[in-house]
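The primary structure of each chain is shown beneath.
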Amino acid sequence: MEELSFNVDHGYLEGLVRGMKAGILTSTDYENLSQCDTLEDMKLHLQSTDYGKLLSSSEEDLTVSFVDSKLRENLVTEFSCLRSNALPPLSTFLDYITYNYMIDNVVLLITGALKQRDVEELLPRCHPLGAFDQMAAVGIARTPTELYSAILVDTPLAPFFQDAVSETNLDEMEVEILRNKLYKAYLESFHSFCKNLGGATKDIMCPVLEFEADRRAFIITVNSFGTDLSGADRSALYPSCGKLHPEGLQLLAKAEDHEQVKAVADCYSVSQTLRT
Amino acid sequence: MLLECMMNGHAILYTGVTLAFWSTILIVGICYTIFDLGFRFDVAWFLTETSPFMWACLGIGLAISLSVVGAAWGIYITGSSIIGGGVKAPRIKTKNLVSIIFCEAVAIYGIIMAIVISNMAERFTGTTPETIGAKNYQAGYSMFGAGLTVGFSNLFCGICVGIVGSGAALADAQNASLFVKILIVEIFGSAIGLFGVIVAILQTSKVKMGD
C-alpha cells in the first residue's frame, strides 16, 4: 500500500536521488583514473562523468584542495536542493544529518574564540552544511549556560543541551566534553527517530547508528587514559543507543588501560573490526 | 503507554470515527429490536420506493468520477517519477509520456460509458411500483450496475498503470533497454480497464426505459 501514496510527497526526490546515484564513479572510472599520468589526462577522463562540468570550468590546476572545495560546494548544492524539496519525514531526516556538522561548527568557533582568533577568519572554515543563523555570535559565550541561553536556544541544537548545561567556564577540556555531550544527545535522538519510522529506515540506519555509538564509546575511553577524566565522567559521555549498552558501557567506564578495553571489545563480536 | 499505542493524530482520528460509526449502527439496531420496530427495516420497500432515476444517475456519476480518480491517481504517480528521473537523464522525458497516455485512456473509457449510459435515461409516467413497471426498474438497476462496473475497474486499472509507469520511468533512466519490456506489463494492466467497459456495455444492452 506504500506505493499508492509514496509518490505524493517523495516521488520527485526519489527519481532525482536515483539519477544522482547513477552518476557516482564506477570501478571502471577508477581504473581509468589510476592509469592516468598527468592532470590533463585525469581531466579528460573525468569529462565523460558527471564530475566533468564541475572540474573543467576553471583554468586552475587540479590540486587536491581545489577538487575538495569544488566537490564540497557541489555536495552542499545538491543537499540543499534535496532539503528544500523534502517533506516530513524526509526533511527531518536530512536535518538530522546537518546537526552533526552544526555541532562541529559550534565547537570549532568556541575553540577559535578561546585562542583569540578572529570570528571572520573562522567562519569560512565551518562546514557549510552545518550553517545556522547565529554562528558569528558563538564566540562571545563564556560558559555553556550562556552559550545555550543566549545563542543556541533558537537553533535546532537546543534539545540536545539538556545534559550539557553547566556553569563551568569554557576551556579546552570543557569544550571537548561539551562536544561529546551534544553528540551523545544527538545520536540517541537520531536513533529513536529512525526506530520510530520503522521499515527500511530502521533496518538500515539503526545498525549504522549503533556502530557509531559503540565506536564513540571506545574512542572516548582510549582518549581519556592519561587525562583527568574519571570513569564516572566518562560514562556520562557514552551514547546509550549502541550494542554495548548497558553492561559494556559499565565495563568501559571502569577500564583503566588498553588491555581491559580489548577485553570488553572481545565480548562483543561486532567490535572485531574496531580492534587494532 | 496508551499514548505510545497511538502513532499520530491521523490514527486517533480514524479509530475514533470508525468506533463512532459502528457504535451508532449497533445502538440503533438494538433500539429497533427492543422496541419491536424491526418491521421498519424493509429492503423491499426501499427498492420499490426509490426512483429508478436515482439508480441511473448514481451509475452515471460513479462511472465518470471513479474513472477520473483512477486516471488522476495513475498520472500523478507516473508524472512525479518521470520528472524526478528526467533531471539527470533527460532522454526519458518524451518516451515515458506513453505511460501518461495509458492512464488518460482510463478516464476516456469512463466518460464514454457515462455518455452511453446517460443516453439511455428516458422519461416515464408512473408513480407507484405497479405503474412504473418492471422494465423501468430493471433499466435503473442495470445502469447503476454498469456504472459501478466501469468505475471500479477503471479506478484500479488507473492505479495499476500509474505504479507500473513510475517503475518504467525510473528503470528507463538507468538502462534504456528496459523501457520496452516494462511497456508490455503496462499494456496488460491497461487491458483490464477495457474489460470493465465491455462488461458494462453488455449490462446496458437490454436497457429500455420509458413507457
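Looking at an unreviewed UniProt entry, one finds chain B named V-type proton ATPase 21 kDa proteolipid subunit c'' and attributed to Xyrichtys novacula. The Sequence similarities (unreviewed entry) comment attached to chain B in UniProt states, word for word, "Belongs to the V-ATPase proteolipid subunit family." Of the comments in the UniProt record for chain B, the one headed Subcellular location (unreviewed entry) reads "Cytoplasmic vesicle, Clathrin-coated vesicle membrane".

The name that an unreviewed UniProt entry assigns to chain A is V-type proton ATPase subunit d 1-like, with the source organism given as Xyrichtys novacula.

A tally of helices and strands in chain B yields 9 helices and 0 strands. Helices (α) and strands (β) of chain B occur, in sequence order from the N terminus, as α-α-α-α-α-α-α-α-α. A compact globule built from 211 residues should have a C-alpha radius of gyration of about 17 Å, whereas chain B, at 23 Å, is more than 25% larger. In terms of principal-axis extent, the alpha carbons of chain B reach across some 70 × 60 × 20 Å.

On to the layout of surface pockets, then. All names here are of chain A. As a volume, the largest pocket reaches approximately 1,400 Å³. In terms of lining residues, the largest pocket is bounded by 35 residues, among which L13, V17, M20, L82 and L94 are the most central. Only α1 (2–22), α4 (52–55), α5 (64–85), α6 (90–114) and α10 (199–224) provide two or more residues apiece to the lining of the largest pocket. Residue assignment places the lining of the largest pocket across two domains, with domain 1 (63–181) and domain 2 (198–276) each supplying three or more.

On the surface, D37(A), E40(A), D41(A) and D61(A) cluster together to form a negatively charged patch. Within the fold, D61(A) resides in the loop between α4 and α5.

Residues and elements named next belong to chain B. Two numbers describe how helix α8 (residues 134–174) lies on helix α9 (residues 178–203): the axes approach to 8 Å, and their chain directions differ by 175 degrees. Our classification of the angle between α8 and α9 gives roughly antiparallel. Residues that form the contact of α8 with α9 fall into these classes: 16 nonpolar, 12 polar and 2 charged.

Take the confidence of the model for chain A next. Mean pLDDT over chain A works out to 83, with 93% of the residues at or above the 70 mark. The secondary-structure element of chain A with the lowest mean pLDDT is helix α8 (residues 144–151) of chain A, recorded at 74, while α1(A) shows the highest, at 91.

Residue and element names in this part refer to chain A. Within the element layout of this structure, T98 appears in helix α6. Residue class for T98 comes out buried when judged on its relative accessible area of 8%. A polar contact is formed between the side chain of T98 and the backbone oxygen of D95, at a distance of 2.6 Å. When sequence neighbours within four positions are dropped, the list of residues in contact with T98 reads F79, L129 and G130.

On to the packing of aromatic side chains, then. Per the stated rule, a full pass over the model turns up 15 aromatic pairs over all chains. For the pair Y99(A) and F160(A), a centre-to-centre distance of 5.7 Å together with 65 degrees between the ring planes defines the contact as edge-to-face. Of the two residues, Y99(A) is situated in helix α6 and F160(A) in the loop between α8 and α9 (172–197); the sequence distance between them amounts to 61 residues. There is no split in this pair, since Y99(A) and F160(A) are both buried. Measuring from ring centre to ring centre gives 5.1 Å for F21(B) and W22(B), while their planes differ by 70 degrees; the resulting arrangement is edge-to-face. On the basis of relative accessible area, W22(B) is assigned to the exposed category, the value being 52%. When the ring centre of Y183(A) is taken as reference, the NZ or CZ atom of R216(A) above it lies at 4.0 Å.

Residues and elements named next belong to chain A. On domain assignment, one finds that chain A holds domain 1 (63–181) and domain 2 (198–276). A separation of 24 Å is found between the C-alpha centroids of domain 1 and domain 2. Contacts between the two partners involve 5 residues from domain 1 and, on the opposite side, 8 residues from domain 2. Buried surface at the junction of domain 1 and domain 2, both sides included, amounts to about 530 Å², of which 75% is carbon and sulfur. The largest contributions to the domain 1 side of the interface with domain 2 come from F93, M173 and N180, which together make up 72% of the buried area. Run the count over domain 1 and domain 2 and you get 0 salt bridges. Viewed at the interface, domain 2 and domain 1 are joined by 1 residue pair in polar contact (both at pLDDT 80 or more). With 4 residues, α9 is the largest single contributor of residues to the side of domain 1 that touches domain 2. Split by residue class, the side of domain 1 that touches domain 2 holds 3 nonpolar, 1 polar and 1 charged.

Before going further, it helps to spend a moment on the UniProt feature "domain: V-ATPase proteolipid subunit C-like" (unreviewed entry) in chain B. Residue and element names in this part refer to chain B. As annotated in UniProt, the feature "domain: V-ATPase proteolipid subunit C-like" (unreviewed entry) corresponds to residues 58–117 and 144–202 in the numbering used here. The span residues 58–117 carries 93% helix and 0% strand; its end-to-end C-alpha distance comes to 11 Å. Secondary structure across residues 144–202 comprises 95% helix and 0% strand; the distance between its end C-alpha atoms is 13 Å.

The next subject is the UniProt feature "transmembrane region" (unreviewed entry) in chain B. Per the UniProt record, "transmembrane region" (unreviewed entry) is annotated on residues 12–35, 55–76, 97–121, 141–171 and 178–202 of chain B. For the annotated span residues 12–35 of chain B, helix accounts for 96% and strand for 0% of the residues, and the straight-line distance between the end C-alpha atoms is 34 Å.

Definitions and cut-offs
- Residues numbered from 1 in each chain as written.
- Chains lettered and ligands numbered in written order.
- Predicted model: local features only at pLDDT ≥ 70, side-chain atom pairs only at ≥ 80, totals over all residues.
- Heavy atoms only, no water.
- UniProt positions renumbered as here; feature names shortened; annotations may be inferred.
- Helix = DSSP H or I, 4+ residues; strand = E, 2+ residues; numbered from the N terminus.
- Rg over C-alpha atoms; globule rule 2.2 N^0.38 Å.
- 1 Å grid on protein atoms, 1.4 Å probe; cavity = no way out; pocket = protein on both sides within 12 Å on 5 of 7 lines; lining within 4 Å.
- Points joined across faces, edges and corners; volume = space filled by probe spheres on them.
- Domains from an automatic or database assignment.
- Patch = residues over 30% accessible without salt bridge, like charges linked within 9 Å, V, L, I, M, F, W, Y side chains within 5 Å.
- Areas by Shrake-Rupley, 256 points an atom, 1.4 Å probe, with all protein chains shown as cover.
- Salt bridge = Lys/Arg side-chain N within 4 Å of Asp/Glu carboxyl O.
- Lys, Arg positive; Asp, Glu negative; His and termini not counted.
- Charge placed at Lys NZ, Arg CZ, Asp CG, Glu CD.
- Axes fitted to C-alpha atoms, helices over the stretch in contact; angles between N-to-C directions.
- Parallel < 35°, antiparallel > 145°, perpendicular 65-115°, else oblique.
- Nonpolar A, V, L, I, M, F, W, Y, C, P; charged D, E, K, R; others polar.
- pLDDT = per-residue confidence, 0-100.
- Buried < 20%, exposed > 50% of the residue type's maximum accessible area, 1.4 Å probe, protein only.
- Polar contact = N/O pair within 3.5 Å; in protein donor to acceptor, adjacent residues only side chain to side chain.
- Contact = heavy atoms within 4.5 Å.
- Phe/Tyr/Trp six-rings, centres within 6.5 Å; stacked < 30°, edge-to-face > 60°.
- Lys NZ or Arg CZ within 6 Å of the ring centre and 35° of its normal.
- Buried area = accessible area lost by both parts, 1.4 Å probe.

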